Amino acid sequence: THLYSEQFENDIDEVIARAKENGVERFYLPAIDKSYTDRMLNLEAQHSDSMFAMMGLHPCSVNPDTINDELAHVKEWLDKREFKDHLSTQQDAFKMQIEWAKERNLPIVIHCRDAFNEVFEVLEEVKDEKLFGIFHCFSGTKEDAQRAIDFNLKLGIGGVVTFKNGKIDQFLGDFDIKHIVLETDSPYLAPVPYRGKRNESSYLTHVCDKLVDIYRKTPAEIAEITTKNALDIFER
């Protein structure tokens, strides 16, 4: 959830309160780029019991003119060491950040849109027992889901699973729920019945309700299992 984004600056306290009222206890904050770092870290500091910052460079922020400066910022945040590599592409940036995560036994969280083959190409190069994490906001095919799982990645399931044309609800039940974590990606991709509006963390319950239908389990069971899956990734 990108709760530090401008979309929440006028009512962030209410957004957090609604989420907590609906049983959301942890908020993992994926980074975008250095222009948002202070906002992200400040929100984490204000809610240190429930907010967890995830440093990295969003693929949409990969620009040949700024990529080295951006990755130097990520590197400095990770270990304060000087960054000297010269990179220019999304795949280069992706691979470098995977290596940094593996060096520190940290999970990776992958943002992929219309680039599954390119992502899997990089993962094939770097795969080993140290690779783990989440395929964030998963929207691929059944075959993509299997490949992600084979790379030791959980499937991050959000609002897309509630869309009529989202398609992932048609095959998700073929995979054991041990491979699933719930997410919102707020303020984006709000689930039905809020599709097209600003998404927020409290709407996670609608994603959970969809998985109730898919896996034929109670909301409490879905919550318990997927929470454990998330903790296995982020708090190992």
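First, a word on what this report is: a plain description of the structure on this page. (Residues numbered from 1 in each chain as written. Predicted model: local features only at pLDDT ≥ 70, side-chain atom pairs only at ≥ 80, totals over all residues. Heavy atoms only, no water.)

**Some thoughts on the pairing of strand β2 (residues 51-54)**
Next, step 1: The sheet contact formed by strand β1 (residues 27-30) and β2 spans four bridges and is parallel. Pairing of P30 across the sheet is with M54, part of β2.
Next, step 2: Once you follow β1 into helix α2 (residues 37-46) and on to β2, the crossover reads as right-handed. (Pairing = 2+ DSSP bridges. Helix = DSSP H or I, 4+ residues; strand = E, 2+ residues; numbered from the N terminus. Right-handed = clockwise from strand over helix to strand, strands pointing away.)

**Structural notes on the pairing of strand β3 (residues 108-111)**
Next, step 1: Only one face of β3 is covered, namely the face carrying I108 and I110; the face carrying V109 and H111 is uncovered.
Next, step 2: In this structure, β3 lies alongside strand β4 (residues 133-136), joined through four bridges in parallel fashion. Of the residues in β4, the one forming a bridge with I108 is G133.
Next, step 3: Handedness of the β-α-β unit built from β3, helix α5 (residues 116-126) and β4 comes out right-handed. (Buried < 20%, exposed > 50% of the residue type's maximum accessible area, 1.4 Å probe, protein only.)

**What about the environment of E183?**
Next, step 1: By the element assignment, E183 lies in the loop between β6 (180-182) and α7 (204-215).
Next, step 2: Sequence separation of E183 and I225 is 42 residues, and the distance between their C-alpha atoms is 14 Å.
Next, step 3: Excluding anything up to four places from it in sequence, E183 contacts I134, H136, C137, G156, I157, G158, L204 and V207.
Next, step 4: In this structure the side chain of E183 is engaged in a polar contact, spanning 2.6 Å, whose partner is the backbone nitrogen of C137. (Contact = heavy atoms within 4.5 Å. Polar contact = N/O pair within 3.5 Å; in protein donor to acceptor, adjacent residues only side chain to side chain.)

**A short note on the pattern of salt bridges**
Next, step 1: One pass over the full model with this rule turns up 16 salt bridges.
Next, step 2: Close ionic contact of R104 with E103 constitutes a salt bridge, the shortest N to O distance being 3.2 Å.
Next, step 3: According to the relative accessible area criterion, E103 is exposed, its value standing at 54%.
Next, step 4: Counted as one network, the salt bridges with shared partners bring together D11, R18, R198 and E200. (Salt bridge = Lys/Arg side-chain N within 4 Å of Asp/Glu carboxyl O.)

**A word on the packing of helix α4 (residues 90-103) against α5**
Next, step 1: Two elements in contact, α4 and α5, have axes whose closest approach is 10 Å; the angle formed by their N-to-C orientations is 40 degrees. By the angle between their axes, α4 is oblique relative to α5. α5 is crossed by α4, and the crossing has right-handed handedness. When α4 is examined against α5, the residues Q91, F94, K95, I98, E99 and K102 are found in contact with a partner set consisting of E118, V119, E121, V122, L123, E125 and V126.
Next, step 2: Here the residues of the contact of α4 with α5 are counted per class, giving six nonpolar, one polar and six charged. (Axes fitted to C-alpha atoms, helices over the stretch in contact; angles between N-to-C directions. Parallel < 35°, antiparallel > 145°, perpendicular 65-115°, else oblique. Left-handed = near helix turned anticlockwise from the far one by under 90°. Nonpolar A, V, L, I, M, F, W, Y, C, P; charged D, E, K, R; others polar.)

**Structural notes on the packing of α5 against helix α6 (residues 142-150)**
Next, step 1: Interhelical geometry of α5 versus α6 gives an angle of 20 degrees and a closest axis separation of 11 Å. What the angle tells us is that α5 and α6 run roughly parallel. Of the two elements, α5 crosses α6, and the hand of that crossing is left-handed. Within the contact between the two elements, α5 uses F116, N117 and F120 and α6 uses D144, R147 and A148.
Next, step 2: Looking at the contact of α5 with α6, its residues break down into three nonpolar, one polar and two charged.

**Digging into the packing of aromatic side chains**
Next, step 1: The tally for this structure, following the rule as stated, stands at 11 aromatic pairs.
Next, step 2: When the ring of F171 is compared with that of F175, the centres are 6.3 Å apart and the planes differ by 85 degrees; the resulting orientation is edge-to-face. Across this residue pair, the class does not change: F171 and F175 are buried.
Next, step 3: In this structure an aromatic cluster arises from ring pairing among F116, F120, F135, F138 and F151.
Next, step 4: Of note, R195 hangs over the ring of F163, and the distance from its end group to the ring centre comes to 3.7 Å.
Next, step 5: Its guanidinium or amino end placed over the ring of F132, R236 lies 3.7 Å from that ring's centre, counting from NZ or CZ. (Phe/Tyr/Trp six-rings, centres within 6.5 Å; stacked < 30°, edge-to-face > 60°. Lys NZ or Arg CZ within 6 Å of the ring centre and 35° of its normal.)

**Structural notes on the environment of E76**
Next, step 1: With respect to the helices, strands and loops of the structure, E76 is situated in helix α3 (residues 67-79).
Next, step 2: What makes E76 partly exposed here is its relative accessible area of 43%.

**Details of α2**
Next, step 1: When we look at burial in α2, the residues that qualify are T37, M40 and L43. End-on view of α2: buried residues confined to an arc of 140 degrees, all on one side of the axis. Every exposed residue of α2 that faces more than 90 degrees away from the buried side is listed here: D38, A45 and Q46.
Next, step 2: Its buried side turned inward, α2 meets α1 (12-21), β1, β2 and α3. (Arc of directions from axis to C-beta.)

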